[in-house]
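Breakdown of the fold
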Amino acid sequence: MSDYLSIESVSKKLSKQDITFEFLPEVDSTNDYLKRKVLVGAVCGPYAVVAEKQVKGKGTKGRAWVDNSESCLKFSMVVEHTGSTRDLMTLSPLLAVNIAEEFSKLNSKVKVKWPNDLMTSEGKLSGILIETVKYAGRVYLVFGIGVNLFPNCELEEQINRNIAFLFEEHSDKEAKREDVIKILADSVLKIMNQSIGLQDTFLRERWKKFDYFYQKTLSFRLPSQEIVEGTENGISSDGEIQLIIDDSLRKFNSGEILKNGCGGQDF
């Protein structure tokens, strides 16, 4: 038992799915911690960790993940990947939409931003970082998920950009953290057990339902740093973002959405 959450309670909930759970008072990065465990053969089956404090949190594109111990949840989970390399393209949007469906029951404002961010009209709510690591001829996926849970002015000043929080009130923090941990773990297992791919129209419609930018004009930065502008038209069967540019539908598997309007700024 810790002041942050009930380790026994979370372990019991996750053990029903054969997930090993570990609580870390402090760590450099929950993703890096799990990758180290994989590389020494210490992981057998799904393994999840939550850290109260993370001193070198990792975001996408090499950015740092800034957090506050009280307000933010730092969760990582590792599972073995037995699918194809092509499957990896669709895992990010699949996981994002699965989590969005569950989070929307707690906060009706939750939306998704390609490829795997969760947000509301107030700003970014959650980020997902998926990394691969190999050991003994096997491929493992490490899913790092950070979630802003409870309002915190200090955190907003630190990040210096608009952010959102899943809950409006601070009450019963421990129970809410436990509920969110269960949602994240279940969502990871769900995408690993699903038939991977967005070819199914139903799955693509699920994304559209939560797509924050659907049918909106946005600026998009390509890996070359060129910025293009177009109307967002959901995602393709391979998880690519689709933009209508000069009346033509174009698909991109990498790049970054900027704020609305020409040029824009990073989220």
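Everything quoted here is computed from the prediction, not taken from an experiment. By convention here, each chain's residues receive numbers from 1 onward along its written sequence. Reporting of local features is limited, given that this is a predicted model, to residues whose pLDDT is at least 70; pairs of side-chain atoms are given and counted only at 80 or more, and all residues count toward the totals for whole chains, interfaces and linings. Heavy atoms throughout the structure, all of them, feed into the side-chain values; hydrogens and water do not.

The next thing to look at is the packing of helix α3 (residues 88-103) against helix α5 (residues 173-193). In this analysis, axes come from line fits to C-alpha atoms, helices being fitted only over the stretch in contact, and the angle between any two N-to-C directions falls in the range 0 to 180 degrees. Secondary structure counts use DSSP, requiring at least four H or I residues in a row for a helix and at least two E residues in a row for a strand, with both numbered from the N terminus. Direction vectors running N to C along α3 and α5 enclose 140°, while the axes themselves pass 9 Å from each other. When the axes of α3 and α5 are compared, the pair comes out oblique. Crossing angle aside, the handedness with which α3 passes α5 is right-handed. In contact with Leu91, Leu94, Leu95, Asn98, Ile99, Glu101, Glu102 and Phe103 of α3, α5 contributes Val180, Ile183, Leu184, Ser187, Val188, Lys190, Ile191 and Met192. Of the residues in the contact of α3 with α5, the class split is 11 nonpolar, 2 polar and 3 charged. Angle categories are assigned with fixed cut-offs, so that under 35 degrees is roughly parallel, over 145 is roughly antiparallel, 65 to 115 is roughly perpendicular, and the rest are oblique. Each helix crossing is assigned a hand: it is left-handed if the near helix lies turned anticlockwise from the far helix by less than a right angle, otherwise right-handed if that turn is clockwise. Only heavy atoms enter the contact rule, under which two residues are in contact if any of them lie within 4.5 Å. Ten residue types, Ala, Val, Leu, Ile, Met, Phe, Trp, Tyr, Cys and Pro, are classed as nonpolar, four, Asp, Glu, Lys and Arg, as charged, and the remainder, Gly among them, as polar.

Moving on, we get to the pairing of strand β1 (residues 20-27). Pairing of β1 with strand β2 (residues 47-54) involves 7 bridges; the strand directions are parallel. What sits directly across from Val27, in β2, is Gln54. Considered for its hand, the β-α-β crossover made up of β1, helix α2 (residues 30-39) and β2 is right-handed. When DSSP locates at least two bridges between a pair of strands, those strands are taken to pair. Whether a crossover is right-handed comes down to one check: with the strands pointing away from the viewer, does the path from the first strand over the helix to the second run clockwise; if it does, it is right-handed.

Here helix α1 (residues 7-15) crosses α5 at 25°, and the two axes come no closer than 10 Å. Between α1 and α5, the angle falls in the class roughly parallel. Of the two possible hands of crossing, α1 and α5 adopt the one that is right-handed. Where α1 approaches α5, its residues Ser9, Val10, Lys13 and Leu14 are matched on the opposing element by Glu178, Asp179, Ile181, Lys182 and Ala185. Its residues assigned to classes, the contact of α1 with α5 comprises 4 nonpolar, 1 polar and 4 charged.

Right, let's get into the packing of aromatic side chains. In this analysis, rings of Phe, Tyr and Trp, with Trp reduced to its six-membered ring, are considered paired at centre separations within 6.5 Å, and the interplanar angle assigns stacked below 30 degrees, edge-to-face beyond 60, and tilted for intermediate values. A full pass over the atoms with the stated rule returns 5 aromatic pairs. Ring centres 5.3 Å apart and planes at 40° place the aromatic pair Phe220 and Phe252 in the tilted group. One end of the pair, Phe220, is in strand β8 (residues 217-221); the other, Phe252, is in strand β11 (residues 248-252), with 32 residues separating them in the sequence. Note on classification: 1.4 Å probe, protein chains only; a residue is buried when its accessible area is under 20% of the maximum for its type, exposed when over 50%, partly exposed between these limits. A residue is classified by how much of its surface remains accessible, and Phe220, at 0% relative accessible area, is buried. Charge over a ring is defined by NZ of Lys or CZ of Arg lying within 6 Å of the ring centre and within 35 degrees of the ring normal. Of note, Arg177 hangs over the ring of Tyr4, and the distance from its end group to the ring centre comes to 4.0 Å.

This paragraph deals with the sheet that holds strand β9 (residues 227-235). Pairing is antiparallel across the open sheet formed by 5 strands, whose spatial order is β11-β10-β9-β8-β12. Of all the strands in the sheet, just β11 and β12 (256-257) have a single pairing partner and so form its edges. Relative to β9, β8 is paired through 5 bridges, and the arrangement is antiparallel. Directly across from Phe220, in β9, lies its bridge partner Val228.

Taken as a whole, the second largest pocket spans an internal volume of roughly 200 Å³. Taken together, the residues that form the lining of the second largest pocket break down as 7 nonpolar, 2 polar and 4 charged. Site definitions follow a grid-based scheme: protein atoms alone, a 1 Å grid, a 1.4 Å probe that fits but cannot get out for cavities, and for pockets an open set with protein on both sides within 12 Å along at least five of seven lines, plus lining residues having an atom within 4 Å of a point. Grid points are joined across faces, edges and corners, and a volume is the space filled by probe spheres set on the points.

Now for the side chain of Asn148. In this structure, Asn148 sits in strand β7 (residues 138-148). Among the polar contacts listed, one links the side chain of Asn148 to the backbone oxygen of Lys124, at a separation of 3.3 Å. Any pair of N or O atoms that falls within 3.5 Å is considered a polar contact. Within protein, one atom must be able to donate a hydrogen and the other to accept it, and sequence-neighbouring residues count only if both atoms are side-chain atoms.

Looking at the protein chain as a whole, the pLDDT averages 87, with 88% of positions reaching at least 70. A residue's pLDDT is simply how confident the predictor is in it, with values from 0 to 100. In this model, residues 261-267 is a region of pLDDT below 50 whose contacts with residues beyond four sequence positions or in other chains number 24 contacts.

The next subject is the nonpolar core. Ranked by internal contacts, the top residues of the largest apolar core, which has 59 residues, are Phe103 and Phe220. Setting aside residues up to four positions removed in sequence, Phe220 forms contacts with Trp114, Glu226, Ile227, Val228, Ile241, Leu243, Phe252, Ser254, Gly255, Glu256 and Ile257. By size, the runner-up hydrophobic cluster in this structure holds 13 residues, among which are Tyr33, Val38, Val43 and Val78. Note on terminology: a nonpolar core comprises buried Ala, Val, Leu, Ile, Met, Phe, Trp, Tyr and Cys residues joined through side-chain atoms within 4.5 Å.

Here we come to α2. With 7 of its 10 residues buried, α2 lies for the most part within the structure. All of the buried residues in α2 are Thr30, Asn31, Tyr33, Leu34, Lys35, Lys37 and Val38. In the core, the buried residues of α2 are packed alongside β1, β2, β3 (72-81), β6 (123-135) and β7. Where α2 begins, the side chain of Ser29 points an oxygen toward the backbone nitrogen of Asn31, at a separation of 3.3 Å. Where α2 terminates, the next one or two residues include Gly41, which has phi positive at roughly 70°.

Tracing the backbone shows Thr231 in strand β9. For the pair Thr231 and Tyr214, spaced 17 residues apart in the sequence, the C-alpha separation amounts to 7.8 Å.

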